[in-house]
Amino acid sequence: MPIATPEVYNEMLDRAKAGKFAYPAINVTSTQTLHAALRGFAEAESDGIVQISTGGAEFLGGQYSKDMVTGSVALAEFAHIVAEKYPVTVALHTDHCPKDKLDGYVRPLLAVSEERVKAGRNPLFQSHMWDGSAETLADNLAVAQELLARAAAAKIILEVEITPTGGEEDGVSHEINDSLYTTVDDAFRTVEALGLGEKGRYLLAASFGNVHGVYKPGNVVLRPELLKELSDGVAAKYGKASPFDFVFHGGSGSSEQEIATALENGVVKMNLDTDTQYAFTRPIADHVLKNYDGVLKVDGEVGSKKTYDPRTWGKLAEASMAQRVTEACAHLRSTGTKIK
């Protein structure tokens, strides 16, 4: 059962929350980066999450048509086949989807899974993300209510981002400022709209200073202890302990202490993209620079097929990215926690 069923995905998240660890959620853009993620999880003996952003889906759809639904469905179907060869359980997720892309991405994918469930099968993806952080909180939660109802009916978990993550990802950008911190009132309003599980399970991407992309130490002030304030505030008002399944966005470049604090305060999923992109590309650059006259047909020569064969540098890239995934598992304490 390498691709998690809805029941197993819920079990994975419950185990992470109880054990104070989180699953790396690795963005993939190709069959090769998918294999790298699966390999990293397998080598760490950790279950995990593989996710596709709107930009990744567009890339997967091919540059002729750039169709996001085609690209994401194709990779998901591919994952259902190849993941059988890996001794871990993986959930498939779609990453940030803003309002102007819902009709071209998440809603059609929900429809795909709805048809599968009607036919007695499991959904194609185990979770989808709605990123309404650019909208007012009222509008954000109104859309989230609609999507949560559809997701729950299709046995899918919805991820919501209620306040902005700084930086830029796939054309969605926010300034790095004080709006990057979710308030307890924001959490109350979220519960009022989405409930605490009775309307369907959801993952909550609350903001505690998170920033996408690359940043140097000191440029970003993360406050993962804020998550405890949100949990305690909601618990006191609604009488449910540890009410949220938190997601850590902008995880690349975070310190081990920041990650540890986030885990103690309810994070069950941490997104990783920038670091794994670099890990994949770095050995390719090294290979090209060291084998310049073999990769290229310099001065009319023939070059070296063995050096420009994509399999040669592709294997190096896969191994490097897989290693970075295993490091993420160690930082998130998921190493050795796979479902037996």
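Before reading on, note that the structure itself is shown above.
In what follows, the accompanying structure is described. Please read these numbers as outputs of a predicted model, since none were measured by experiment.

Description of helix α9 (residues 256-264)
Then, in step 1: Listed in full, the buried residues belonging to α9 are Ile 259, Ala 260, Thr 261, Ala 262 and Leu 263.
Then, in step 2: Among the structural elements, α8 (226-238), β9 (246-248), β10 (267-272) and α13 (310-331) are those in contact with the buried residues of α9.
Then, in step 3: At the exit of α9 stands Gly 266, carrying a positive phi of roughly 105°.

Some thoughts on the pairing of strand β3 (residues 90-94)
Here is the key point about a regular strand: its side chains alternate between the two faces of the sheet.
Then, in step 1: Across the 5 residues of β3, 5 count as buried, placing the element largely inside the fold.
Then, in step 2: Neither face of β3 is open: one carries Val 90, Leu 92 and Thr 94, the other Ala 91 and His 93, and all of them are buried.
Then, in step 3: In this structure, strand β2 (residues 48-52) lies alongside β3, joined through 5 bridges in parallel fashion. Its bridge partner being in β3, Ile 49 is matched across the sheet by Ala 91.
Then, in step 4: Sheet topology places β3 next to strand β4 (residues 127-131); 2 bridges connect them, and they run parallel. Bridge pairing in β4 places Thr 94 opposite His 128.
Then, in step 5: The parallel pair β3 and β4 is bridged by helix α5 (residues 106-118), and the resulting crossover is right-handed.

Focus: the side chain of Thr 190
Then, in step 1: Position of Thr 190 among the secondary structure elements: in helix α7 (residues 184-194).
Then, in step 2: Taking relative accessible area as the criterion, Thr 190 reaches 0% and is therefore assigned buried.
Then, in step 3: Separated by 2.9 Å, the side chain of Thr 190 and the backbone oxygen of Asp 186 make a polar contact.
Then, in step 4: For Thr 190, the residues in contact, after removing those within four places along its chain, are Leu 141, Ile 162, Gly 195, Tyr 202 and Leu 204.

Observations concerning the pairing of β2
Then, in step 1: Counting buried residues in β2 gives 5 out of 5 residues, a clear majority hidden from the surface.
Then, in step 2: What you see with β2 is no split at all: Gly 48, Val 50 and Ile 52 on one side and Ile 49 and Gln 51 on the other are buried throughout.
Then, in step 3: Taken together, the 3 bridges between strand β1 (residues 23-27) and β2 define a ladder with parallel strand orientation. Its bridge partner being in β2, Ala 25 is matched across the sheet by Ile 49.

Remarks on the environment of Thr 163
Then, in step 1: Looking at the element boundaries, Thr 163 is found in the loop between β5 (157-161) and β6 (167-169).
Then, in step 2: Within polar-contact distance, the side chain of Thr 163 engages the side chain of Thr 182 at 2.4 Å.

Some thoughts on the packing of aromatic side chains
Then, in step 1: In this structure the tally under the stated criterion is 3 aromatic pairs.
Then, in step 2: Pairing Phe 21 with Tyr 23 gives two aromatic rings, centres 5.4 Å apart and planes at 85°, and the pair type is edge-to-face.
Then, in step 3: Residue Phe 21 is classed as buried on the basis of its relative accessible area, which comes to 6%.
Then, in step 4: Centre to centre, the rings of Phe 208 and Phe 248 are 5.0 Å apart; their planes meet at 70°, and the pair counts as edge-to-face. Taken together, the positions of Phe 208 in the loop between β8 (202-205) and α8 and Phe 248 in strand β9 put the pair 40 residues apart, joining distant regions of the chain. With respect to burial, Phe 208 and Phe 248 carry one shared label: buried.

Regarding unusual backbone geometry
Then, in step 1: Positive phi outside glycine occurs at Glu 45, with the angle close to 55°.
Then, in step 2: Counting through the fold element by element, Glu 45 comes out in the loop between α2 (31-44) and β2.
Then, in step 3: One non-glycine residue, Ser 242, lies in positive phi territory at about 45°.
Then, in step 4: Position of Ser 242 among the secondary structure elements: in the loop between α8 and β9.

About the criteria used
- Residues numbered from 1 in each chain as written.
- Predicted model: local features only at pLDDT ≥ 70, side-chain atom pairs only at ≥ 80, totals over all residues.
- Heavy atoms only, no water.
- Buried < 20%, exposed > 50% of the residue type's maximum accessible area, 1.4 Å probe, protein only.
- Helix = DSSP H or I, 4+ residues; strand = E, 2+ residues; numbered from the N terminus.
- Contact = heavy atoms within 4.5 Å.
- Pairing = 2+ DSSP bridges.
- Right-handed = clockwise from strand over helix to strand, strands pointing away.
- Polar contact = N/O pair within 3.5 Å; in protein donor to acceptor, adjacent residues only side chain to side chain.
- Phe/Tyr/Trp six-rings, centres within 6.5 Å; stacked < 30°, edge-to-face > 60°.

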